[in-house]
Amino acid sequence: MGLETKAGDLGVVTTSLEYVVNWGRTNAMWPLLFGLACCAIEMMGAQSPNYDMSRFGMEINRASPRQADLMIVAGRVSRKMAPVVRRLYDQMSEPKWVVAMGDCASCGGIFNNYAIVQGVDEIVPVDVYVAGCPPRPEALIDGIMMLHEKVKREKISGIKEQPLRLEQPLIQQVDVKKYG
Amino acid sequence: MDNQTIRDRLQAQFPQAILAVSERFGDLSVTLRREDLLAVVTWLRDHPEVPYDFLEHLSGVDYLGRTPRFEVVIHLMSLRYLHRICLKVTAPEDDPHVPSLTPLYPTANYQERETWDLLGIVFDGHPSLQRILMPDDWIGHPQRKDHPLGEEEVAFTFNQERIYAQKPFAKE
Ligand code: SF4
C-alpha cells in the first residue's frame with residue numbers, strides 16, 4: 001500500500017516544490033468579502049454566473065480576513081475608512097495580495113478632494129491595478145489572472161518581485177506608409 | 001390644515017420671534033429669531049390641535065459673504081395632518097451658536113452632530129457634540145465654502161517621477 005498502488009497507471013511527475021506551491025496558491029485564492037462603493041457591484045457581477053470568476057478558483061468570498069488571502073479594494077477609500085482597510089489587511093494571513101479595482105482605488109479617480117485617499121497604495125501595498133470607472137467584470141478577471149501570473153513567478157523564500165516597468169510606450173507609432 | 005391658519009396662529013403666539021415668512025410651492029417657511037427657536041419648536045411640538053411630532057430634517061447652510069453667514073434649516077412634520085413647516089434660524093460667523101433641539105426630538109442628535117462636523121455650527125445643549133463623518137482628529141469644517149478642497153496633483157508620465165518621490169507609499 002504505497003504511492004504506486006494509489007497512483008495506478010498515472011506514472012510519475014517530477015516538478016519543483018516552488019511550482020506546485022504557486023500553482024496551488026493561484027488556483028485557490030480566497031478574496032475578502034467587502035466592497036466600498038460602486039465598483040463593488042461590478043465585483044459581484046464578476047462572481048455571478050454570467051462572468052463566473054469561479055472558473056479561476058474563486059468560488060466565494062470569505063467574510064473573515066483570517067480566511068482570505070486576496071483583498072480586492074473595490075471602490076473609493078475615504079480617509080475615515082483608511083484605518084479600517086489597513087487593519088483588515090494586517091489581519092489577513094500571509095501570503096496575501098491586493099488588487100486595486102477601479103480608478104478611485106488606484107489613484108483617487110474623480111474624487112480629487114480632502115475626503116478620499118488618493119490611491120489605496122498609500123495605505124496597503126498593491127499588486128495589480130485595474131483601470132476603469134468601473135472596470136467591467138472582464139477587466140477585473142483579467143487583473144486577477146495577471147495577479148496569478150505574478151504569483152507563479154514568486155520565489156519559495158516569499159520574496160515578491162519588484163514592480164514591472166514599461167520599457168517602451170504602450171501606444172506605438174504606427175508606420176503610416178506600411179499600413180496606409 | 002392649511003398654511004394660512006398655521007401662519008396666523010404663529011403670528012398671534014410669537015409676534016416678536018418671526019422675522020420673515022414665505023410660501024413657495026405650497027410650503028410654509030418661517031425665519032425665526034435665534035433666541036426664540038426653542039420656545040417656538042416646543043410650542044409647535046406640543047400644540048393640542050396640530051402637533052408637529054416628527055423632526056424630518058435638520059441641516060446647515062453656509063452663505064459665504066452674507067451677514068449673518070450661517071443658517072440652520074429645520075423641517076417639522078405633523079404626522080396626523082401630513083403638514084410640513086420649515087423653520088430657519090441664522091447665526092453670524094463670529095458667534096455660530098444655535099440652541100440644540102435634541103432635548104425635544106432625539107432624532108436631532110446625529111443631524112446636529114453632522115451639521116457641526118461639516119459646517120462648524122455649535123448647538124448649545126447638545127449632549128455630546130462630536131465629529132460623526134470626518135475622522136476624529138480632523139482639523140476644520142470641510143463643508144464651509146472657504147475650506148480648501150484638498151486636491152492633489154495628478155500623476156501623468158511627464159510628472160510622475162516628481163510626484164511619486166513625495167507620495168507616501170505603504171509598507172508591507
Ligand atoms: S472607480 Fe468609478 S465605479 Fe469605481 S468606485 Fe470610483 S467612481 Fe465608483
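So, how was this worked out
The written sequence of each chain sets the order in which its residues are numbered from 1. Chains and ligands are labelled sequentially in the order written, the chains with letters from A and the ligands with numbers from 1. In view of the model being predicted, local features appear only for residues whose pLDDT reaches at least 70, and side-chain atom pairs are presented and counted only at 80 or more, with totals across whole chains, interfaces and linings using the full set of residues. The side-chain quantities take in all heavy atoms of the structure and omit both hydrogens and water. UniProt positions are given in the numbering used here, feature names are shortened, and annotations may be inferred rather than shown by experiment. Strands here mean DSSP runs of E at least two residues long; helices mean DSSP runs of H or I at least four residues long; both are numbered from the N terminus. Note that the radius of gyration is over C-alpha atoms, with the globule rule given as 2.2 Å times the number of residues to the power 0.38. Burial here depends on accessible area, computed with a 1.4 Å probe over protein chains only, as a share of the maximum for the residue type. Under 20% is buried, over 50% is exposed, and the range in between is partly exposed. By definition in these notes, contact holds between two residues if any of their heavy atoms fall within 4.5 Å. The protein chains shown are the only cover counted for residues, whose accessible areas, like all others here, come from Shrake-Rupley with a 1.4 Å probe. His is not counted, nor are the chain ends; Lys and Arg add positive charge and Asp and Glu add negative charge. All charge positions are set by atom: Lys at NZ, Arg at CZ, Asp at CG, Glu at CD. Here's the idea: put two parts together, see how much 1.4 Å probe accessible area each one loses, and the total over both is what we call buried area. Counted as salt bridges are all cases of a side-chain nitrogen of Lys or Arg within 4 Å of a carboxyl oxygen of Asp or Glu. When we say a residue is near a molecule or strand, we mean one of its heavy atoms is within 4 Å of it. Classes in brief: Ala, Val, Leu, Ile, Met, Phe, Trp, Tyr, Cys and Pro nonpolar; Asp, Glu, Lys and Arg charged; the others, Gly included, polar. Two rings belonging to Phe, Tyr or Trp (six-membered ring only in the last case) form a pair when the distance between their centres is within 6.5 Å. Interplanar angles under 30 degrees mark stacking, angles over 60 mark edge-to-face geometry, and anything in between is tilted. Both a distance and an angle decide whether a charge sits over a ring: NZ of Lys or CZ of Arg must be within 6 Å of the ring centre and within 35 degrees of the ring normal. At least two bridges found by DSSP between two strands is the condition for calling them paired. Throughout, an axis means a line fitted to C-alpha atoms (over the contacting stretch in the case of helices), and angles, computed between N-to-C directions, take values from 0 to 180 degrees.

The name that an unreviewed UniProt entry assigns to chain B is NADH-quinone oxidoreductase subunit C, with the source organism given as Candidatus Chloroploca asiatica. We quote the UniProt Catalytic activity (unreviewed entry) comment for chain B here in full: "a quinone + NADH + 5 H(+)(in) = a quinol + NAD(+) + 4 H(+)(out)". UniProt annotates chain B under Subcellular location (unreviewed entry) with the comment "Cell membrane".

Under an unreviewed UniProt entry, the name given to chain A is NADH-quinone oxidoreductase subunit B, and the organism recorded is Candidatus Chloroploca asiatica. Per UniProt, the comment on chain A under Catalytic activity (unreviewed entry) is "a quinone + NADH + 5 H(+)(in) = a quinol + NAD(+) + 4 H(+)(out)". Of chain A, the UniProt comment under Sequence similarities (unreviewed entry) reads exactly: "Belongs to the complex I 20 kDa subunit family."

Caption draft 1: Structural view of the overall build of chain B. The secondary structure content of chain B amounts to 4 helices and 7 strands. The N-to-C order of helical and strand elements in chain B reads α-β-β-α-β-β-β-β-α-β-α. Relative to its length of 172 residues, chain B is extended, with a C-alpha radius of gyration of 21 Å against a globular reference of 16 Å. Along the three orthogonal principal directions, the C-alpha set of chain B runs to about 70 × 30 × 30 Å. Across the 172 residues in chain B, those meeting the buried criterion constitute 42%. Pairs at least 24 residues apart make up 49% of the contacts formed inside chain B by residues separated by at least 6 positions. As displayed, chain B has an accessible area near 9,700 Å², and 53% of this comes from carbon and sulfur atoms. Treating the 18 positive side-chain charges of chain B as one cloud and the 27 negative ones as another, the clouds have centres 2 Å apart.

Caption draft 2: Summary view of the UniProt feature "domain: NADH:ubiquinone oxidoreductase-like 20kDa subunit" (unreviewed entry) in chain A. The positions that UniProt labels "domain: NADH:ubiquinone oxidoreductase-like 20kDa subunit" (unreviewed entry) are, in the present scheme, residues 38-147 of chain A. Summarising residues 38-147 of chain A: 33% helix, 12% strand, and an end-to-end C-alpha distance of 22 Å.

Caption draft 3: The UniProt feature "binding site: [4Fe-4S] cluster" (unreviewed entry) in chain A, seen in detail. Residues and elements named next belong to chain A. Sites flagged by UniProt as "binding site: [4Fe-4S] cluster" (unreviewed entry) map to Cys 38, Cys 39, Cys 104 and Cys 133. Their sequence span is 96 residues, while the largest C-alpha to C-alpha distance among them is just 10.1 Å; these annotated residues converge on one region. Looking at where Cys 38 falls in the secondary structure, it is placed in the loop between α2 (17-27) and α3 (39-47). Residue Cys 38 is classed as exposed on the basis of its relative accessible area of 60%. Tracing the backbone shows Cys 104 in helix α5 (residues 102-107). By relative accessible area, which is 12% here, Cys 104 ends up buried. What Cys 104 contacts, discounting residues up to four positions off in sequence, is Gly 75, Arg 76, Gly 109, Phe 111, Val 117 and Gly 119.

Caption draft 4: Inspection of the interface of chain A and chain B at higher detail. Contacts between the two partners involve 15 residues from chain A and, on the opposite side, 19 residues from chain B. Here chain A meets chain B over a buried area of about 1,500 Å², counting both sides, of which 48% is carbon and sulfur. The largest per-residue losses of area from chain A upon contact with chain B belong to Lys80(A), Asn112(A) and Tyr114(A), which jointly make up 44% of the total buried on that side. At the boundary of chain A with chain B, the tally comes to 3 salt bridges. Here Lys167(B) and Glu122(A) are joined by a salt bridge, their closest N and O atoms 3.3 Å apart.

Caption draft 5: Spotlight on the site of the ligand. In the vicinity of the ligand, the residues found are Ala37(A), Cys38(A), Cys39(A), Gly75(A), Arg76(A), Asp103(A), Cys104(A), Phe111(A), Gly132(A), Cys133(A) and Pro134(A). Here the residues of the shell around the ligand are counted per class, giving 7 nonpolar, 2 polar and 2 charged.

Caption draft 6: Inspection of the packing of aromatic side chains at higher detail. Residues and elements named next belong to chain B. Counting across every chain of the model gives 4 aromatic pairs over all chains. With 5.7 Å between their ring centres and 85° between their planes, Phe 14 and Trp 43 make a pair best called edge-to-face. With Phe 14 in the loop between α1 (3-13) and β1 (18-24) and Trp 43 in helix α2 (residues 37-45), this pair connects stretches of sequence that are 29 residues apart. With respect to class, Phe 14 is no different from Trp 43; both count as buried. When the ring centre of Tyr 63 is taken as reference, the NZ or CZ atom of Arg 66 above it lies at 4.2 Å.

Caption draft 7: Molecular detail of the sheet that holds strand β1 (residues 70-74) of chain A. Residues and elements named next belong to chain A. In space, the 3 strands of this open sheet follow the order β1-β2-β3, with parallel pairing throughout. The open sheet terminates on both sides in strands that have one partner only, identified here as β1 and β3 (128-130). Going across the sheet, the axis of each strand differs from the next one's by a mean of 15°, ignoring polarity. Of the strand pairs in this sheet, β1 and strand β2 (residues 97-101) are connected by 5 bridges, and their pairing is parallel. Bridging across to β2, Ala 74 finds its partner in Met 101.

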